[in-house]
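What follows is each chain in one-letter form.
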Amino acid sequence: MPNLKDLKVRINSVKSTQKITSAMKMVAAAKLRRAQDAAEQARPYAKSMERMIVTLAGNVVPGSGPKLLSGTGKDESYLIVVATADRGLCGGFNSNIVRAARRKITELENAGKKVALLTVGRKAKDQLRRTHSKLIVKSVENLARTTIGFEQADTIARELIHRFDEGEFDTCLMFYNRFQSAMTQIVTEQQLIPAKVPELSGDEDKGGASAKALYEYEPDEEGILSALLPRNVATQVFTALLENSASEHGARMTAMDSATRNAGEMIDKLTLTYNRTRQAYITKELIEIISGAEAL
Amino acid sequence: MAETTQFELVSPERLVLSRDVEMVVIPGSEGYFGVLPRHSPMLTTLMPGVIDIHEGGSIVDRIFVAGGFAEVTEDRCTVLAEGATPLAEVDVSATEKTISDTKEILKDTSDAVEQEKLQEKISNMEAMLAAKRLVG
């Protein structure tokens with residue numbers, strides 16, 4: 001028969017775990033709201049930026065123009081930016097990104113391409129170091145101490161562009177989680193360099209219409225593009241980081257919610273066993289007393 | 001009421017300002033230019049400088065931007081600013097201190113990317129101070 005004391009101890013320990021997970025869930029929910037707000041606020045900038053790029057890129061002869069747009073003309077080496085969270089306990093959030101990145105790495109390596117990695121977030125580094133430690137060229141950590149600022153994205157973007165200018169890679173991909181809801185995050189692969197110009201057709205709102213209008217350019221198309229493209233990389237990194245942080249908190253909230261529920265179930269089950277055992281002890285003692293009395 | 005154009009000032013982090021204005025003066029990289037309603041469409045880069053919002057013949061708002069881009073169409077003017085600070089909120093002594101601090105950090109960094117970034121930060125803040133002094 002299980003020991004009553006042991007059961008009591010277990011119940012208490014599960015109870016305190018439940019308290020922690022439910023607190024973490026609450027914190028994640030609050031942070032999620034803030035992260036969503038931040039992502040929402042950053043949208044106008046990204047939208048206008050995209051509109052400008054579309055307008056400008058439409059006027060550039062394919063194959064010419066700045067390298068950030070047209071590429072190096074080769075397709076041999078890749079730099080993959082893997083963005084995860086710094087902390088765990090958020091379900092499959094980190095592993096999903098890393099898994100997608102790993103698959104891509106294998107695929108590229110099988111095709112005979114050169115791959116380098118830049119990790120954002122501690123988990124990406126920890127998980128990728130085991131299998132691909134030689135490929136990691138740089139790691140960025142401690143992003144989400146507070147909210148993500150544009151400066152952090154800018155730093156990463158500068159690093160990317162610097163390496164691109166040095167000819168370290170031809171294509172830059174980024175892996176992150178796009179936020180859909182607190183329950184679902186979509187692992188997204190995005191090409192940062194050369195810049196992917198979104199299709200104009202299908203965009204029927206005001207932005208799409210005015211993009212077709214004739215613009216005057218100051219200083220000239222090339223000049224603006226070469227200033228705009230690096231900014232665009234930074235903006236895309238920024239958007240990705242914001243989405244990622246919203247996803248992280250969403251994933252953590254969901255994970256902690258189910259952890260809290262599981263803990264509740266466990267407590268119920270343990271309490272039942274505890275009560276049953278207690279009664280069994282009482283019954284046993286009674287039987288002992290009664291049979292003792294009868295023996296007299 | 002006079003005809004207006006929709007002016008939007010956005011920084012990477014948020015929409016700073018969105019309002020209907022009679023005229024804005026924008027620090028384009030080729031010189032300051034004013035935007036009135038039905039301005040011909042144009043795209044331009046910005047230099048660090050001050051955006052003036054005019055209403056009823058006088059300036060109602062002055063905002064410092066540290067560079068960026070502007071898109072002007074007939075009914076709308078969008079400025080993508082890298083950093084936007086209302087000129088009234090610029091604190092001269094605090095900015096001076098940040099500049100000297102940043103210069104100290106610059107001396108200690110050897111990383112080329114980092115150096116470039118700090119250099120830009122310093123020149124932006126110096127432009128901001130210059131703008132502030134000019135207005136008084």
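Quick note: structure is the one above.
No experiment lies behind these values; they were computed from the predicted model shown.

Draft legend 1. Broad picture of the overall build of chain A. Each helix and strand in chain A was counted, giving seven helices and six strands. The helix and strand sequence of chain A, counted from the amino end, reads α-α-β-α-β-α-β-α-β-β-α-β-α. Along the three orthogonal principal directions, the C-alpha set of chain A runs to about 110 × 45 × 30 Å. The 296 residues of chain A split such that 43% are buried. Partitioning the contacts of chain A with sequence separation of at least 6, the portion at a separation of at least 24 is 77%. Counting only carbon and sulfur atoms, one obtains 52% of the accessible surface of chain A, whose full area is about 15,800 Å². Charged side chains in chain A number 42 positive and 36 negative. The centres of these two groups are separated by 10 Å.

Draft legend 2. Up close: the nonpolar core. Residues and elements named next belong to chain A. Counting residues in each nonpolar core, the largest one holds 50 residues, and the members touching the most others are Leu-160, Cys-172, Met-174, Ile-193, Val-237 and Leu-241. Residue assignment for this core shows that the elements contributing at least two residues are helix 1 (4-58), helix 2 (67-70), strand 1 (77-83), strand 2 (114-120), helix 5 (150-165), strand 4 (171-179), strand 5 (185-193) and helix 7 (221-295). Here the element with the most residues in this core is helix 7; it accounts for eleven residues. Beyond its immediate sequence surroundings of up to four residues, Cys-172 is in contact with Leu-79, Val-81, Leu-160, Gln-190, Gln-191, Leu-192 and Ile-193. One finds Ala-124, Leu-128, Leu-135 and Ile-136 within the second-largest nonpolar core, a separate group that totals 21 residues.

Draft legend 3. Here's a closer look at the interface of chain A and chain B. Contacts between the two partners involve 31 residues from chain A, matched on the other side by 32 residues from chain B. Sorting the residues of chain A by area buried against chain B places A:Tyr45, A:Arg158 and A:Glu218 first, and these three jointly supply 24% of that buried surface. Along the contact surface separating chain A from chain B lie four salt bridges. A salt bridge links B:Glu116 to A:Arg158; the nearest nitrogen and oxygen atoms lie 3.8 Å apart. Inspection of the chain A/chain B interface yields twelve residue pairs in polar contact (both at pLDDT 80 or more). When its residues are assigned to classes, the side of chain A that touches chain B shows 16 nonpolar, seven polar and eight charged.

Draft legend 4. The arrangement of the packing of aromatic side chains in detail. Residue and element names in this part refer to chain A. Under the definition given, this model contains four aromatic pairs over all chains. Relative to Phe-238, the ring of Phe-150 lies with its centre 5.1 Å away and its plane at 85 degrees, an arrangement referred to as edge-to-face. Taken as a pair, Phe-150 in helix 5 and Phe-238 in helix 7 lie far apart in primary sequence, 88 residues in all. A residue is classified by how much of its surface remains accessible, and Phe-238, at 3% relative accessible area, is buried. The interplanar angle of 50 degrees and the centroid separation of 5.5 Å between the aromatic rings of Phe-164 and Phe-169 together place this pair among those described as tilted. Three or more aromatic residues joined by ring pairs make a cluster, and in this case those are Tyr-45, Phe-150 and Phe-238. Across from the ring centre of Tyr-274, 5.0 Å away, lies the NZ or CZ of Lys-8, which sits over that ring.

Draft legend 5. Just the sheet that holds strand 4 of chain A, in detail. All names here are of chain A. Taken together, the five strands give an open sheet; going across it, the order is 3-2-1-4-5, and neighbouring strands pair in mixed fashion. Both outer strands of the open sheet, strand 3 (136-140) and strand 5, are each paired with one neighbouring strand and no more. On average, each strand axis in the sheet is inclined to that of its neighbour by 20 degrees, with strand direction left out of account. Across five bridges, the pairing between strand 1 and strand 4 is parallel.

Draft legend 6. Structural context of the pairing of strand 1 of chain A. Residues and elements named next belong to chain A. Most of strand 1 is tucked away: seven of the seven residues are buried. Of the two faces of strand 1, the one holding Ser-77, Leu-79, Val-81 and Ala-83 and the one holding Tyr-78, Ile-80 and Val-82 are both buried throughout. As defined by bridge partners, strand 1 adjoins strand 2 across seven bridges and the pair is classed as parallel. Among the inter-strand pairings, Ser-77 is bridged to a residue of strand 2, identified as Lys-114. On the question of chirality, the crossover connecting strand 1 to the parallel strand 2 by way of helix 3 (residues 93-110) is right-handed.

Draft legend 7. Highlighting the pairing of strand 3 of chain A. All names here are of chain A. Sheet analysis places strand 2 next to strand 3, joined by four bridges and oriented parallel. Looking at strand 3, one finds that Thr-119 is bridged to Ser-139. Each parallel crossover has a hand, and for strand 2 linked through helix 4 (residues 122-132) to strand 3 it is right-handed.

Draft legend 8. Quick peek at a nonpolar patch on the surface. Residues and elements named next belong to chain A. On the surface, a cluster of nonpolar side chains totalling about 390 Å² of accessible area is made up of Ile-282, Leu-286, Ile-289 and Ile-290. Mapped onto the fold, Ile-289 is located in helix 7. For Ile-289, a relative accessible area of 58% translates into the label exposed.

Rules and cut-offs
- Residues numbered from 1 in each chain as written.
- Chains lettered and ligands numbered in written order.
- Predicted model: local features only at pLDDT ≥ 70, side-chain atom pairs only at ≥ 80, totals over all residues.
- Heavy atoms only, no water.
- Helix = DSSP H or I, 4+ residues; strand = E, 2+ residues; numbered from the N terminus.
- Buried < 20%, exposed > 50% of the residue type's maximum accessible area, 1.4 Å probe, protein only.
- Contact = heavy atoms within 4.5 Å.
- Areas by Shrake-Rupley, 256 points an atom, 1.4 Å probe, with all protein chains shown as cover.
- Lys, Arg positive; Asp, Glu negative; His and termini not counted.
- Charge placed at Lys NZ, Arg CZ, Asp CG, Glu CD.
- Core = buried A, V, L, I, M, F, W, Y, C linked by side-chain atoms within 4.5 Å.
- Buried area = accessible area lost by both parts, 1.4 Å probe.
- Salt bridge = Lys/Arg side-chain N within 4 Å of Asp/Glu carboxyl O.
- Polar contact = N/O pair within 3.5 Å; in protein donor to acceptor, adjacent residues only side chain to side chain.
- Nonpolar A, V, L, I, M, F, W, Y, C, P; charged D, E, K, R; others polar.
- Phe/Tyr/Trp six-rings, centres within 6.5 Å; stacked < 30°, edge-to-face > 60°.
- Lys NZ or Arg CZ within 6 Å of the ring centre and 35° of its normal.
- Pairing = 2+ DSSP bridges.
- Axes fitted to C-alpha atoms, helices over the stretch in contact; angles between N-to-C directions.
- Right-handed = clockwise from strand over helix to strand, strands pointing away.
- Patch = residues over 30% accessible without salt bridge, like charges linked within 9 Å, V, L, I, M, F, W, Y side chains within 5 Å.

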